[in-house]
Amino acid sequence: MSDFIWINGKFVSSNEAYIHVLTHSLHYSGAVFEGERAYNGKVFKLEEHTQRLLNSAKIMGLEVDYSAEEINKVTYELLEKNTLKYAYIRPLIWRGAESMGIYTPELSINMLIAAVSSRIEPLNNVKLNLGSWCKPSPKALPPQAKSSAHYAMVITSQITASRLGYDDSLVLDEEGYVAECNVANIFFGKGNKLITPIADRFLNGITRQSVMEMAKNLGFEVVEARISLEDIGKYDYSFITGSAREIGGIGSIDLKESVIMFPDSEGKVRLLQSEFAKLVGK
């Protein structure tokens, strides 16, 4: 843990950064957050992450007192105060402890930004199982809000995957099409063609968007489409994307009826990992 956390306008010692046990978002969910990475002192896509944070807050009815410019500025101040060059950064916005009612206007809106030292290497041979739960309908939860409300199913699914010896799960949408993984977006590839699910039923990840743009610049054809389980065996390689895992090469997907292997024999995933490292300034 780093020495300082920024919370409600002040830098405080990490040992003193506490919330009340009756905090509304602890009991009822509804907080919003981001996961960001700093590489050699520069936060990758900070403006995009901050804008998504504020958009998520608006969707979830959280009125934030800080502008995007103020949040970006204090993010760098936090890194400097903690002498961090390579870090994982977590801004969080939540409702306070003024009421235990499902909602009252008296509830305060709070914000913190934390950063911890983090430096990761490319992850490969990721093992996925077929998740037992599907993504909630876009009519049930707003998919483009990065809210803690979405993570109850994610945690349950990840616990099951981990206990069975898998790294993550392949998660389907309510119609049975491939959506994403528990904590990452997913791509499939054959030659220089990449296909990824349409991001209208799950969060359109910032790393996902960056990889799509990068791949196009490298000469890949990138297609967004509905992908059925039957389609998966057509592809030669697959990978996940996200701030926490960057680009992770998938080794296998256990579909219960069969296990699909992705050897990446042409080194396409390794190429994308190498180019992404350049993009973020590793």
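Structure: above.
Residues numbered from 1 in each chain as written. Predicted model: local features only at pLDDT ≥ 70, side-chain atom pairs only at ≥ 80, totals over all residues. Heavy atoms only, no water.

Undergrad: Teacher, can you tell me more about the pattern of salt bridges here?
TA: Considering all chains together, one arrives at 14 salt bridges under this definition. Its salt-bridge partner being Asp236, residue Lys190 comes within 3.5 Å of it at the nearest N-O pair. Of this pair, Lys190 sits in strand β11 (residues 185–190) while Asp236 sits in the loop between β13 (221–224) and β14 (237–242); the two residues are 46 residues apart in sequence, bridging distant segments of the chain. Looking at Lys190, the relative accessible area reads 45%, which means it is partly exposed. Overlapping salt bridges bring together Asp173, Glu175 and Arg201 as one network. (Salt bridge = Lys/Arg side-chain N within 4 Å of Asp/Glu carboxyl O. Helix = DSSP H or I, 4+ residues; strand = E, 2+ residues; numbered from the N terminus. Buried < 20%, exposed > 50% of the residue type's maximum accessible area, 1.4 Å probe, protein only.)

Undergrad: Would you take a moment to explain the packing of aromatic side chains for this structure?
TA: What describes a pair of aromatic rings is the distance from one ring centre to the other and the angle between the planes of the rings. Under the definition given, this model contains six aromatic pairs. Summarising the aromatic geometry, the rings of Phe188 and Phe262 are spaced 6.2 Å apart at their centres and angled 50 degrees between planes, so their arrangement reads as tilted. In this pair, Phe188 is assigned in strand β11 and Phe262 in the loop between β16 (259–261) and α6 (268–280), connecting sequence segments 74 residues apart. Across this residue pair, the class does not change: Phe188 and Phe262 are buried. When the ring centre of Phe4 is taken as origin, the NZ or CZ atom of Lys81, which lies over that ring, is 4.6 Å away. Sitting over the ring of Phe11, Lys81 keeps its end group 5.7 Å from the ring centre. (Phe/Tyr/Trp six-rings, centres within 6.5 Å; stacked < 30°, edge-to-face > 60°. Lys NZ or Arg CZ within 6 Å of the ring centre and 35° of its normal.)

Undergrad: So what exactly am I meant to see when it comes to the pairing of strand β9 (residues 168–172) here?
TA: Within a regular beta strand, the side chains point alternately toward one face of the sheet and then the other, so they alternate between its two faces. Judged by how many residues are buried, β9 sits mostly within the fold: five of five residues are covered. Of the two faces of β9, the one carrying Asp168, Leu170 and Leu172 and the one carrying Ser169 and Val171 are both buried. Taken together, the three bridges between strand β8 (residues 123–130) and β9 define a ladder with parallel strand orientation. Residue pairing for β9: Leu130 is matched across the bridge by Leu170. Both β9 and strand β10 (residues 178–181) contribute to a ladder of three bridges, which runs antiparallel. In the strand pairing of β10, Leu170 is matched with Cys181. (Pairing = 2+ DSSP bridges.)

Undergrad: Please clarify how the environment of Asn40 should be interpreted in this entry.
TA: Relative to the elements of secondary structure, Asn40 occurs in the loop between β4 (36–39) and β5 (42–43). When the C-alpha atoms of Asn40 and Glu213 are compared, they prove to be 22 Å apart, with 173 residues separating the residues in sequence. The contacts of Asn40, once residues within four sequence positions are left out, are Lys85, Tyr86 and Gly281. (Contact = heavy atoms within 4.5 Å.)

Undergrad: Sorry if this is basic, but what is going on with helix α2 (residues 46–59) here?
TA: Every α-helical turn comprises 3.6 residues, leaving residues that sit three or four positions apart pointing alike. Under the 1.5 Å per step criterion, the end-to-end length of α2 is 20 Å for 14 residues, consistent within 8% with the ideal 20 Å. Burial in α2 covers these residues: Leu46, His49, Thr50, Arg52, Leu53, Leu54, Ser56 and Ala57. The positive-phi residue at the C-terminal boundary of α2 is Gly61, with phi of around 75 degrees. (Expected span 1.5 Å × (residues − 1).)

Undergrad: How do you make sense of unusual backbone geometry when you look at a structure like this?
TA: Glycine aside, residues mostly have negative phi, and peptide bonds are mostly found in the trans state. The backbone of Lys45 sits at a positive phi, close to 55 degrees, despite the residue not being glycine. Structurally, Lys45 is set in the loop between β5 and α2. One non-glycine residue, Lys256, lies in the positive phi region at around 75 degrees. Lys256 gets classed as exposed once you look at its relative accessible area, which sits at 62%.

Undergrad: Can you walk me through helix α3 (residues 68–81) in this structure?
TA: A rise of 1.5 Å per residue sets the reference length of α3, with its 14 residues, at 20 Å; its end C-alpha atoms lie 20 Å apart and thus fit the reference within 8%. The set of residues buried in α3 consists of Ala68, Ile71, Asn72, Val74, Thr75, Leu78 and Leu79. Thr83, located one to two residues past α3, shows a positive phi value of around 50 degrees.

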